[in-house]
Structure formats: C-alpha cells, structure tokens
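# Structure at a glance
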Amino acid sequence: MRTVPSADPAVHRDRYLDLLRTLALGRVVLFHVTGWVWLSLLVPAMGLMFGIAGSLMAASLDRHGPSAVRRRLRRLLLPLWAFGVITLAVLSFGWRPRGVAGWAELLWWVLPLRVPPVGGPSWAWAFHIGLWYVVTYLWLVLMSPVLLRVLRRWPWPSIGAATALPIGMHLAEVHTGYFVAAYLSCWLLGFAHHDRLLHRVPLRWYGCLVGGLAVAGGTWVVTAMVAGVAVDLNHIAGGTTLWSMALVAVLLRVRPRLVGRVPLDAVLRFVNARAVTIYLWHIPASLGMFLLLAPVLPYTSVASITLRLAGVCLLTVGAALLLGWIEDVAARRTPTPVGPRSGAAGRHRADRHLRAGRRR
C-alpha cells in the first residue's frame, strides 16, 4: 500500500510538524538549562521528536524509495562528524584512548551504531550525554524501509507489538537497545500519521485508546518518580513509551491549517533547518553557562535561570550560525548562515512529487 496525500494538506502538515519540532526542541533546551523534572513528565518531547521524524521518514521513503535512508543518514552524520571533530579536539588535552581497542572505539563517531566515547575531563559528559538520541535515530532510519512495509501490511498489530516490546524488555531485564525499543512505537505512529491511519479511527475510540495510554503511562511514570527509581522520563522503562505515545497520538491526530505566515515563521524555518546542530550544541552551551554563573549565583535563583537560558540560547544560535551551513551541505542546499529563506522551493518540490504520484 502506498499513500499519496493531497497537495494542500501535505504542505500544511509539514508546517505543523515544523512547529511541533520547534516546540519540542525548545522544551529539550529548557529542561537541560533548568533541570526541572516536571518538564520531562509534562511534555515528553523526545517521543514527539521521534514521532515527527517517523512521519517525515515515511514521506521521504515514498518520494525517494530506499535512497531516502542514504539522504537521512547524510543529513544526520555530517553535522555529527563536525561535532565529533571539535569534541575530540577539545577533549584531546585530557584524554588518550588506551590501546588499539580504545582507538577503535572512535570509529563509533563515524557510524554511531552505539554511543561514541569521549573520555577526558569530568565535564566531558556534556558532549556525550545527548548522543543516545543520535544513535536511536540512526537505528530507526536504517530499519525504516522494513518497518514501513510491515506497518502497511499489519498496521495496528505492528504498533501494538512496538508498544509491548519495551515493556517486555523491562520485565525480562533486557537493557540492550532500550532506547530504540522505547521510541519505536512513536516512530510507527509517525508512519501511521503520514498514511492517515490515525484519522480513520473513530474519535470516540481514539479518545479511549489515548486516555488508556495516558493513564497507564502517567501512573507508571509518577510511581517510578515517587519511588526514586528515576527522575528522568527517558529512564523509566515502559512508562516512557506509554506516556510518550499518548502525547504523540494526540498531536499527530490534530490537523490545523497553517495558512499564510505564522507567528515567528522565520524562527520555525531556522530551527528546523538547524535542528541537528541545535540539539548537539545546546548541552555543552548549558554546561558553559553553568560554570560561568555557579560561582556568583545560586543555581535555582531566578537570576541564574534567566541568565543561563539567555546565554544558552545565544551560544546555541551562535553555533547554528557558525556550523549550521553543514546541514545545508548535507541537504544539498546552497549553504547560508540561516538556512532556507522561504518554503516556496520545498512546496514546489512537494507539488511536483504529488503530481508524479497521481500519474503513477
């Protein structure tokens, strides 16, 4: 089964997904700056980012076939390699891999099928802690051609199996590949959104399913947090999946029509054109601001939070302006400091693909 959506909804859905991804990235940055645990529970942004990426991946597979995997990998790996080169250069003063095996571990920076090493000083964690997302995204992209075929053959059983997988792994105490399993169901919901499967479920039943996911996932997550099992949604096995799915299912079912210019339209274009760079560099920026302000301001004070947030935004935007052109090269666009200036070219390409799909 191959779904080719109508031209108008496709354009507006893309802008809506851009808005959602901008809000999700903003929540991730805010969480890492403030450390507010309740943000992780209130808005499971990582699940939303994987759901959006799944929808866009399905669209890319429909347009380009298997070569979509290569295109997605190029857009992920080029900015990652730049990040890795700078990271290893910065940390090389305090770290040397041990032996041949240690140097061989650096190959994970080339193809991060597992989290690459950083070593070095105690603050090196800031260059390392967010890379699980890159690894998870890479695995899901590599599996997407098969996953999309399976979902289109057995849509709801596939989503059900993906939902049960991390719960089964948790009960069996299997930890390898946890993040891939935890967010696989959100990725498949993105596929279902692209194929408009979510909109075929009657609203009454859809509400019951989402409510069930929210109650089960929310109870699981709150219980784990109260019991001290974890303070981060990403490390609550099973509950992460259910709670994230509830939010993703709600937001991907909504189909607002974003016609004309939307507020902060230029910001949306910039963030989505520089999403990988922003994600990679905001945590080191957050550490830098913390080290700068810790000697003079209490961590939880309003002044400290305000200055840290402003500083992280400025530093991250600076990194995006300085290094974001790599994402243009990866996407085979003309490199510019701020990315594409207009969505007209993208809409033209979308219309061309849709017309070709109708001819087929």
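Reading guide: rules and limits
Residues numbered from 1 in each chain as written. Predicted model: local features only at pLDDT ≥ 70, side-chain atom pairs only at ≥ 80, totals over all residues. Heavy atoms only, no water. Helix = DSSP H or I, 4+ residues; strand = E, 2+ residues; numbered from the N terminus. Buried < 20%, exposed > 50% of the residue type's maximum accessible area, 1.4 Å probe, protein only. Contact = heavy atoms within 4.5 Å. Areas by Shrake-Rupley, 256 points an atom, 1.4 Å probe, with all protein chains shown as cover. Core = buried A, V, L, I, M, F, W, Y, C linked by side-chain atoms within 4.5 Å. Lys, Arg positive; Asp, Glu negative; His and termini not counted. Salt bridge = Lys/Arg side-chain N within 4 Å of Asp/Glu carboxyl O. Patch = residues over 30% accessible without salt bridge, like charges linked within 9 Å, V, L, I, M, F, W, Y side chains within 5 Å. pLDDT = per-residue confidence, 0-100. Expected span 1.5 Å × (residues − 1). Bend = angle between axes of the 7 residues up to and from the residue. Phe/Tyr/Trp six-rings, centres within 6.5 Å; stacked < 30°, edge-to-face > 60°. Lys NZ or Arg CZ within 6 Å of the ring centre and 35° of its normal. Charge placed at Lys NZ, Arg CZ, Asp CG, Glu CD.

Moving on, we come to the overall build of the chain. Regarding its fold elements, the chain presents 15 helices and 0 strands. Considering the chain as a whole, with its 360 residues, one finds that 50% of them fall into the buried category. Pairs at least 24 apart in sequence give 74% of the contacts found in the chain among residues at least 6 apart. Roughly 17500 Å² of accessible area belongs to the chain as shown, and the carbon and sulfur atoms make up 70% of that amount.

Time to look at the nonpolar core. Counting 81 residues, the largest nonpolar core has Phe50, Trp187 and Phe191 as its most contacted members. The biggest single contributor to this core is helix α8 (residues 178-194), with 12 residues. Once residues within four sequence positions are removed from consideration, Phe191 is found in contact with Gly54, Ser55, Met57, Ala58, Ser144, Leu147, Leu148 and Leu151. If you look at the next biggest cluster of nonpolar residues, it comprises 6 residues, including Val29, Val33, Met289 and Val312.

So, about the side chain of Glu327. Residue placement: Glu327 occurs in helix α14 (residues 325-330). As a buried residue without a salt bridge, Glu327 has its nearest oppositely charged side chain in Arg274, at a separation of 5.6 Å. Leaving out residues up to four positions away in the same chain, Glu327 has contacts with Pro79, Ala273, Arg274, Ala275, Val276, Thr277 and Arg333.

Residues Trp81, Leu107, Val110 and Leu111 make up a contiguous nonpolar surface patch of about 370 Å² in total accessible area. Tracing the backbone shows Leu107 in the loop between α5 (99-104) and α6 (131-153).

Let us now look at the confidence of the model for the chain. In regions of low pLDDT, the predicted coordinates are not meant to be interpreted in detail. Residue-level pLDDT values for the chain average 87, and 88% of them are 70 or greater. Across residues 1-13, confidence stays below pLDDT 50; counting only partners more than four residues off in sequence or on other chains, it has 32 contacts.

Attention now moves to α6. In this model, α6 (23 residues) spans 33 Å end to end at C-alpha, consistent with the 33 Å of a helix rising 1.5 Å per residue. By the largest-angle criterion, Ser144 marks the main kink of α6, which is about 60 degrees, and a proline, Pro145, follows within four residues.

Under the defined criterion, the tally for this structure stands at 18 aromatic pairs. Ring centres 6.2 Å apart and planes at 35 degrees place the aromatic pair Tyr133 and Tyr137 in the tilted group. Separated by 4 residues within a single helix, Tyr133 and Tyr137 lie in helix α6, roughly one turn from each other. The class for Tyr133 is buried, based on a relative accessible area of 12%. On the numbers, 5.8 Å between centres and 75 degrees between planes, the contact of Phe290 with Tyr299 is edge-to-face. Under the relative-accessibility criterion, Tyr299 is labelled partly exposed at 35%. Note that Arg253 overlies the ring of Tyr206, its terminal NZ or CZ placed 4.7 Å from the centroid. One residue, Arg308, lies across the ring of Tyr299, its end atom 4.1 Å from the ring centre.

Another point: a positive patch on the surface. Where like charges cluster on the molecular surface, the positive patch consists of Arg63, Arg70, Arg71, Arg75 and Arg332. By residue number, the principal contributor to the positive patch is helix α4 (residues 67-91), which donates 3 residues. Structurally, Arg71 is set in helix α4. A residue is classified by how much of its surface remains accessible, and Arg71, at 32% relative accessible area, is partly exposed.

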